[in-house]
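Here are the chains, one letter per residue:
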Amino acid sequence: MVVPAHGTSNAALPLVSIANFEARAPDLFDRLRRDTSLAVAGAGPATRFVLDYHAARLCLVDREAPRTRPFHVDLDRRADVGGPDLLRRAIGRGARRVIDATAGFGTDAVHLARRGLDVLAIERCEAIAALLADGLSRMADVSVRRRIELVCADATNLLGSRDADVAYLDPMYDSPQRLKSKPRRAMVLARELAGEDADAADLLALARQRYRRVVVKRADKSPPLAGDVHHAHRGRTVRYDVYIDRGGIPA
Ligand SMILES: C[S@@+](CC[C@H](N)C(=O)[O-])C[C@H]1O[C@@H](n2cnc3c(N)ncnc32)[C@H](O)[C@@H]1O
């Protein structure tokens, strides 16, 4: 089974193949196939990445880096970042339901779920969604896991179909600071798998039409995705831009 990369100019080319996936995790496979546009492009080509099981975890094997350990998503071990909880503040104290429209490997979704929010996590890259689904399925803290619903889809097809107090966007962006502030390997792999999120401004525009409050994570020195930021929460390396609209009109 072969999954093409998303968001890249060579999106038609297979990047990831899946070994033992259907047999070892039929539920996960069925769910992804049912809920997503999982692209199956035939079997057998020599792809750079392979999704495979190691020690009962779904892993991403990089065949160009044979000495590195297979990558898996571990959501239990992630320590909370110290300092003020800027993401929680940006989401807003009254919020209960959040749509994380760019879920990636789920750090932010889990962070919010740990703070009691119900999170709809949307990830369009099938390989990333599969790794995240597997990480969620292994989470020890079941109460946190139950607060997160993962859907593998392009968020532009789902925004507006679900109620939420806030939509949260963390699109891929270039930043030397960001490389320091996140686990480098997860970042690099996410970028390899998903490519650049060149359509991020369109996603923001759509989110703003559908939800009153939209939060966008940016590198501290990056320009905002749209000019009319209502207010921002600034950290040392990242910034959370908050957009507040009333019926599509900036507040
Ligand atoms: C920087 S990562 C997000 C990291 C995430 N906040 C975390 O805590 O791990 C950006 C992710 O958003 C996904 N993405 C970008 N645009 C999307 C869209 N329109 N719909 C769904 N996923 C999207 C990309 O595939 C990529 O995995």
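Since this is a predicted model, take the numbers as computed values, not measurements. (Residues numbered from 1 in each chain as written. Predicted model: local features only at pLDDT ≥ 70, side-chain atom pairs only at ≥ 80, totals over all residues. Heavy atoms only, no water.)

1. Considering the pairing of strand β7 (residues 148-152)
- Among the five residues of β7, four are classified as buried, and the element is accordingly described as predominantly covered.
- Where strand β6 (residues 118-123) meets β7, five bridges bridge the pair, whose relative direction is parallel. Directly across from Val119, in β7, lies its bridge partner Ile148. (Buried < 20%, exposed > 50% of the residue type's maximum accessible area, 1.4 Å probe, protein only. Helix = DSSP H or I, 4+ residues; strand = E, 2+ residues; numbered from the N terminus. Pairing = 2+ DSSP bridges.)

2. Quick word on the pattern of salt bridges
- A complete count under the given rule lists 13 salt bridges for this structure.
- Its salt-bridge partner being Asp85, residue Arg115 comes within 2.5 Å of it at the nearest N-O pair. Taken together, the residues Arg115 in the loop between α4 (107-114) and β6 and Asp85 in the loop between β4 (57-62) and α3 (86-91) connect sequence positions 30 residues apart.
- A relative accessible area of 29% places Arg115 in the partly exposed class.
- In the salt-bridge network here, residues are joined through shared partners; they are Arg124, Asp154, Asp197 and Asp199. (Salt bridge = Lys/Arg side-chain N within 4 Å of Asp/Glu carboxyl O.)

3. A few points about the confidence of the model for the chain
- In the predicted model, the chain carries a mean pLDDT of 81, and 73% of its residues have values of at least 70.
- Within the model, pLDDT remains below 50 along residues 1-13, and this stretch shows 46 contacts once partners closer than five positions in the same chain are excluded.
- Confidence drops under pLDDT 50 across residues 36-44; counting only partners more than four residues distant or on other chains, this segment forms 19 contacts. (pLDDT = per-residue confidence, 0-100. Contact = heavy atoms within 4.5 Å.)

4. Let's talk about the site of the ligand
- Every one of the 23 residues lining the ligand counts as a neighbour, but Asp108, Glu123, Asp154, Ala155 and Asp170 are closest to it.
- Taking Thr107, its main chain carries an N or O atom lying 3.3 Å from an oxygen atom of the ligand.
- At a separation of 3.0 Å, a nitrogen atom of the ligand approaches a polar side-chain atom of Asp154.
- Against a free-state accessible area of 610 Å², the protein chains account for coverage of 97% of the ligand. (Near = heavy atom within 4 Å. Polar contact = N/O pair within 3.5 Å; in protein donor to acceptor, adjacent residues only side chain to side chain. Areas by Shrake-Rupley, 256 points an atom, 1.4 Å probe, with all protein chains shown as cover.)

5. Focus: the pairing of strand β9 (residues 213-219)
- Counting buried positions along β9 yields seven of seven residues, so the element is predominantly enclosed.
- In β9, alternate side chains face the same way, and those of Arg213, Val215, Lys217 and Ala219 on one face and Val214, Val216 and Arg218 on the other are all buried.
- Where strand β8 (residues 166-169) meets β9, four bridges bridge the pair, whose relative direction is parallel. When the sheet's bridge partners are listed, Tyr168 is paired in β9 with Val215.
- Pairing analysis gives seven bridges linking β9 to strand β11 (residues 238-246), with the strands arranged antiparallel. The partner of Val216 across the bridge, within β11, is Asp241.

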